[in-house]
Amino acid sequence: GGRKVFVGGTADKDQEELREHFAQFGEVASIEVLKERDGAYRGFAFVTFYDVKAAQELLDVHHTYIGNVRMEAKPCQLPRVELELDRKIEAILGTSAQTPTTSSQQFAGGSRLADPPGPVTSAWGLGPPT
């Protein structure tokens, strides 16, 4: 996988809320929150990390919560231009997107893996579309 992750179910969370939340996985390079022409949130975003390991850690967790908003992380298929950019970044930093990661790391307080407080709401409704 790459450094960019699709996150569905973001509801009305803005860039700053999402940046603060996803920083627990690693340093966030950018967050793209998609909106309608009228400014309404579309309920999903693209989160790009500086390190591919942070993106993989988020994908391994799969579901994450801000309050009672349940979000789902999925691999993002990158356009060719971004794949080339990833290769250049990897060449400069000496990292590889193909490096497998093993997650034996314990998460303090279990904030990422714990059940959310109260009922879960999502932009998907009862679940993601099939």
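As a reminder, the structure under discussion sits directly above these lines.
Residues numbered from 1 in each chain as written. Predicted model: local features only at pLDDT ≥ 70, side-chain atom pairs only at ≥ 80, totals over all residues. Heavy atoms only, no water.

**Some thoughts on the pairing of strand β5 (residues 69-75)**
Alright, step 1. Pairing of strand β1 (residues 4-8) with β5 involves four bridges; the strand directions are antiparallel. By the bridge assignment, Val7 is partnered in β5 with Ala73.
Alright, step 2. Sheet analysis places strand β4 (residues 63-66) next to β5, joined by four bridges and oriented antiparallel. Directly across from Ile66, in β5, lies its bridge partner Val69.
Alright, step 3. Hairpin remark: β4 followed by β5, antiparallel, with two residues in the connecting loop; positive phi at Gly67, about 60°. (Pairing = 2+ DSSP bridges. Helix = DSSP H or I, 4+ residues; strand = E, 2+ residues; numbered from the N terminus.)

**Here's the deal with helix α2 (residues 52-61)**
Alright, step 1. For α2, a buried count of seven out of 10 residues is recorded, marking the element as mostly surrounded by other parts of the structure.
Alright, step 2. Buried within α2 we find Val52, Ala54, Ala55, Glu57, Leu58, Leu59 and Val61.
Alright, step 3. Each element contacted by the buried residues of α2 is listed here: β1, α1 (15-22), β3 (41-49), β4 and β5.
Alright, step 4. Of the residues flanking the start of α2, the one acting as N-cap is Asp51, its side-chain oxygen 2.9 Å from the backbone nitrogen of Lys53.
Alright, step 5. A positive backbone phi angle near 70° is found at His62, which sits one or two residues after α2. (Buried < 20%, exposed > 50% of the residue type's maximum accessible area, 1.4 Å probe, protein only. Contact = heavy atoms within 4.5 Å. Polar contact = N/O pair within 3.5 Å; in protein donor to acceptor, adjacent residues only side chain to side chain.)

**A short note on the sheet that holds β1**
Alright, step 1. The strand order across the open sheet formed by five strands is β2-β3-β1-β5-β4, and the pairing between neighbours is antiparallel. Looking along the sheet, the strands with just one partner apiece sit at the ends: β2 (28-35) and β4. Averaged over all pairs of adjacent strands, the angle between strand axes in this sheet comes to 30°, irrespective of strand direction.
Alright, step 2. As judged from the five bridges shared by β1 and β3, these two strands associate in the antiparallel manner. The residue of β3 that forms the bridge with Lys4 is Thr48.
Alright, step 3. Contacts from α1 reach β1, β2, β3, β4 and β5, with the element oriented near 140° to β2. (Axes fitted to C-alpha atoms, helices over the stretch in contact; angles between N-to-C directions.)

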